Amino acid sequence: MKKKKQRTLRQKLNTERSAGILCTLPFTIGFLAFMIVPMCISLYYSFCDYNILTPPVFSGLKNFKRMIEDSVFYQTLFVTFKFAIISVPLRLVFALIVAMLLFKSTKMTGIYRAMYYLPSIIGGSVAVAILWKRLFSLDGLINKILMSLGMKESVAWLGDTRTAIWTLIILAVWQFGSSMLIFLSALKQIPTSLYEAARVDGANGWQQFWKITLKLLTPTIHFNLVMQMINGFLAFTQCLIITQGKPLNSTLFYTVYMYQQSFLFGSTGYGAALAWVMLALIAFITWILFATKKLWVYDGGL
Amino acid sequence: MKKKMLSLLLASAMAFSLAACGSDGGSTGSDSADTGNSTAAGSTQSSADSGSAAQDFGSAKDVSMVFSWWGNQIRNERTQASLDLYSTQNPGVTFDTQPAEWSDYWTKLSTLAAGNSLPECIQMDYSYLMQYASSDLLADLTPYVESGVLDVSDVDPGILESGSIDGKVYAVCAGVNAPSLFYNKTLMDELNIEVKDNMTLEEFMDVCRQVYEKSGVKTDLPYSAGDNYLPFNLRSHDTTQLFNEDSLNVPDADSFVEYFSIYETATKEGWIVGADVHAELTANSVEQSPLVYFSSPATQSWCGFFWSNQLSAMVAAAPEGMEIGITTWPSDDPQKSNFLKPSSFFCVSRDAGENEEEAVKVLNFLLNSQEANEILLGERGVPASSVVAAGIAPLQDETAQAVTNYINNVVTPNCSPISPAIPDGANEVYDYCNQLVDKILYGEITAEDAAKELFEKGNEIMAR
C-alpha cells in the first residue's frame, strides 16, 4: 500500500489497466453519448405521441398498433426486402468474380484493385446519386446508348414502377469493393497445395473452383453476407436522392419512410417505433444467418 | 481506489472537453441540427452562458442573435446585407445568420425546437405557423404591437391577420404573394393562343388541348403540390378550410372528384406531363420546371403553377428568348379561389428570452425601414407595408414590377381572405393526395375512387 502511494502519475497511467481504460475512453464516451443514450431516448419515444415540437406524451403501444394497420409500412418492408435480397447476393457474386480476376498478380493489379474499390467509397455519396439519376433520365446516357443501338423510344427508367427499383439495385451492386477486398485476402489464404493435389487427381478448373475455392470461402461469404445484409436494410441516401420513393412508393425504402414520418409528417414517435421494429428485424435476420451457418459454412481444418 | 478516482477524474475531464466541443459546434453552425438531443441541450447551455457573459463584460447593449431563414442565393445575400445595415445603425447588435434550403430548414428547426435552442429570429411559413404557435414555440408579439415597438400601421389588416392565431400576433409578413400561373409567352404568341387572366377550368383545359394539338407541347399540372392546388380548387366551392381538429371538413368524397378528374381527363387526352417525367425532376423546383427545363415537346410544358415571388427566379432560369408571362391559376370562381398569402413570415422564437425585445425591433426594421427594403427589394414578395412597397417600386426591375402589378391589379381586386393555417397531420394527408394523383397518372385508379380513398384515409389520419 505504501509503495503504491509513491508511484508517480506517469507510472500509474502506465499500468495496463489504466492505459487500457484511458485509450478506449474516447470511444466509450462517444459510444455512450452518441449511441446508447440516443437509442434509449428513441426507445422511449417509440411509446410516445411525439411530434418534436411539443414534449412527448406516453401513449403505450399506440404507435405499434398503428403500424399493424399501416399499408405503407408493409409496402416499404416489401421494397426494402426486395432490394436487400436481390442486391446483396448479386453484389457478392460480382465481388467474388472480380476478386478472382484480380487474384492473379500482374503489374497493374494494384491499380485495378484501387479502381474497383473506388465505387464503394464514392457510391454512397450524394454526388454519385445525382449522377445516377442523370444516367437513367429520359435524355440520359443509358437511353442515348440504347437509342444508338436501335431502340426507338427512350425509356423512363425512373418513372416506371417495374424498372425504378432496379436502378437502385444496380447502384448497390456497383459498390462491391469492400466485399471484393475481403474475398481477395481470403483467396490468398487458400493453400496452393490443395490446387496442386486436385490437378494431380485430374480435376478441371470448374471442379477446383467448386470443390476447393468456394468451399473454403464459405466463412468469408457468410461474413460478407451478414455485413452486407445489414447495410442493405439500412440503405437510405440512394432512395432519398434518386427516387424519393417514386413512382407510387415502388422504391420507398423503410429508412426513408421512417425519415418522412419523423421529420415531414410530424410523427416522430411513430418514426422511432419503426426504427425499433427494423432493429428487431435485422437482429432476427442476422440470427437466421448464424443459425443456418452450420448447414453450409465449412469451418473444418485443412 | 486511487486508480478508480483518477480514471473517473480523467473521464469527467474528457467528457467535459467533449461537451464543450459539441456545444461550440452547436452554436456556430447548422451541424447541430443533425446531432440531435444531447448536443442541442449542450448548445442551449453555451448560448445561455455567452449571453450572460456579454451582460457581465460588455456594455449592457451587446446582443448577439441568430437569424435563420430558407431561400436562395439572392435572398441570402440581400438578407445578410440588410442585417449588416441594422448592425451598423445599432452598434452592439450582431447577427449569426443561418440560411438553409427549404427541406433542410424544417428538419433543422424542429430539432432545434426539441433542444430548446431555436434561433431568436426565424423565417416562418404559413403551413408550419399553426404547429409552431400552438406548440408554444413562438413569442406573442401582441404586446409589442400595442406598445408600438412593432409598427403595423401600414400593413393591410387581412395580411396582419394571417400571422395571427386566436387574436394574438405571432408572425409578421415578410412579403405578399399570390398563386400565379407562369406561362411561355413566346410560345403562346407563336401559336396565336390567348392566355387571359381568371381563366375557368374549362377555358384552361381548352388552352392545354390547343397547345398540345398545335405544337405537341404538354401541360404541367401541379405535381406533388396537393397542399397548394387542392385547397385552391376547394375554395371555389366554398370550402375554405379542409381540416377540422380531427377530421376532414368536407361532407363527402364528391368534393374531391373535380380535383382528381382534372388529372384523369388530362391523362386520358394525353396532354399532361406525366409522372414518369416528374420522377426525374425535383418536385416544385423552379429551375427544373418543365416550363423551362425540357429535352423535347413531350417533356415540355407551356405553363407552371407557382407563386408570384418566384417569377424572378423563373425568368432567370428560362432559356434565352423565352418570355415568361404571369396570370392566375384556373378556377371556376376566381374571386373565391384567389388569395393573397404572406410568402413567408418573420417570427421571434420563445427561446429568445431576454433578447426578445431586440429581436422584435429587428422585425420592425425589416418591415418598415425604407433603407432595409431598398436592399431586400421585395425578393420575398411585395412588402407588407404599403408605404414601403410604394417606396421601393421605382427601384425594382421589370420582372419585379410585373409581379407588383399582378398582385395589385389582378389579384387584390378579385380575391378572398386566405384559408386558416393547417393543423398537425395535414401534411400527411396532402402527401397521400399526391400519391393518389400519381396513381391516376399511371392509370391505376379513377377520379371517383381516388376521391373516396382520400376522404377515408384523410379522416383516418386526422383522427389519430
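Residues numbered from 1 in each chain as written. Chains lettered and ligands numbered in written order. Predicted model: local features only at pLDDT ≥ 70, side-chain atom pairs only at ≥ 80, totals over all residues. Heavy atoms only, no water.

Undergrad: Just checking my understanding: could you explain the overall build of chain B for this structure?
TA: Scanning chain B for helices and strands turns up 21 helices and 10 strands. The 464 residues of chain B split such that 54% are buried. A separation of at least 24 residues holds for 77% of the contacts in chain B among residues at least 6 apart in sequence. Accessible surface for chain B amounts to roughly 19,400 Å². Of this, 51% is attributable to carbon and sulfur atoms. (Helix = DSSP H or I, 4+ residues; strand = E, 2+ residues; numbered from the N terminus. Buried < 20%, exposed > 50% of the residue type's maximum accessible area, 1.4 Å probe, protein only. Contact = heavy atoms within 4.5 Å. Areas by Shrake-Rupley, 256 points an atom, 1.4 Å probe, with all protein chains shown as cover.)

Undergrad: Could you clarify how one ought to interpret the pairing of strand β7 (residues 179-184) of chain B in this entry?
TA: Side-chain direction in a regular strand flips from residue to residue, so the side chains alternate between the two faces of the sheet. All names here are of chain B. Judged by how many residues are buried, β7 sits mostly within the fold: six of six residues are covered. Neither face of β7 is open: one carries Pro 179, Leu 181 and Tyr 183, the other Ser 180, Phe 182 and Asn 184, and all of them are buried. Pairing of β7 with strand β8 (residues 303-307) involves five bridges; the strand directions are antiparallel. Of the residues in β8, the one forming a bridge with Tyr 183 is Cys 303. As paired elements, β7 and strand β9 (residues 324-327) share four bridges and run antiparallel to each other. (Pairing = 2+ DSSP bridges.)

Undergrad: Even after reading the chapter, I still don't get helix α16 (residues 356-368) of chain B, so can you show me in this structure?
TA: Two residues of an α-helix separated by three or four positions point the same way, owing to the 3.6 residues in each turn. Between the first and last C-alpha of α16(B) there are 18 Å, a value that for 13 residues agrees with the 18 Å anticipated at 1.5 Å per step. Among all positions in α16(B), only B:Glu358, B:Ala359, B:Val360, B:Val362, B:Leu363, B:Asn364, B:Phe365, B:Leu366 and B:Leu367 are buried. (Expected span 1.5 Å × (residues − 1).)

Undergrad: How should I be thinking about empty space enclosed by the protein in this particular structure?
TA: A water-sized probe, rolled over the atoms, reveals where empty space remains. Applying the stated criterion across every chain yields a total of four cavities of 30 Å³ or more. By volume, the largest cavity is sized at about 160 Å³. Around the largest cavity, the lining is made up of 18 residues, and of these A:Phe263, A:Leu264, A:Gly266, B:Tyr128 and B:Gln131 lie nearest the centre. Contributions of two or more residues to the lining of the largest cavity are made by α14 (254-264) of chain A together with α5 (102-114), α6 (126-134) and α20 (426-441) of chain B. Classifying every residue of the lining of the largest cavity gives 10 nonpolar, seven polar and one charged. When residues of the lining of the largest cavity are assigned to domains, at least three fall in each of domain 1 (62-176 + 342-403) and domain 2 (179-340 + 411-463) of chain B. Quantified by volume, the second largest cavity comes out at close to 130 Å³. Together, 16 residues line the second largest cavity, and B:Ala174, B:Phe346, B:Leu366, B:Asn373 and B:Leu376 are the ones closest to its centre. For the lining of the second largest cavity, the element with the most residues is strand β6 (residues 171-177) of chain B, which contributes four residues. (1 Å grid on protein atoms, 1.4 Å probe; cavity = no way out; pocket = protein on both sides within 12 Å on 5 of 7 lines; lining within 4 Å. Points joined across faces, edges and corners; volume = space filled by probe spheres on them. Nonpolar A, V, L, I, M, F, W, Y, C, P; charged D, E, K, R; others polar. Domains from an automatic or database assignment.)

Undergrad: Explanation requested: the nonpolar core in the structure shown.
TA: Core analysis: the biggest nonpolar cluster contains 85 residues, and B:Met124, B:Phe204, B:Phe256, B:Phe260 and B:Trp302 have the highest contact counts within it. In terms of residue count, α20(B) provides more of this core than any other element does, nine residues in total. Both domains that meet at this core, namely domain 1 (62-176 + 342-403) and domain 2 (179-340 + 411-463) of chain B, each give it at least three residues. When neighbours within four sequence positions are excluded, B:Met124 is seen to be in contact with B:Trp70, B:Trp106, B:Leu129, B:Tyr132, B:Leu138, B:Ser344, B:Phe345 and B:Cys347. Within the second largest apolar cluster, 63 residues are counted, among which are A:Ala84, A:Leu96, A:Phe233 and A:Ile282. (Core = buried A, V, L, I, M, F, W, Y, C linked by side-chain atoms within 4.5 Å.)

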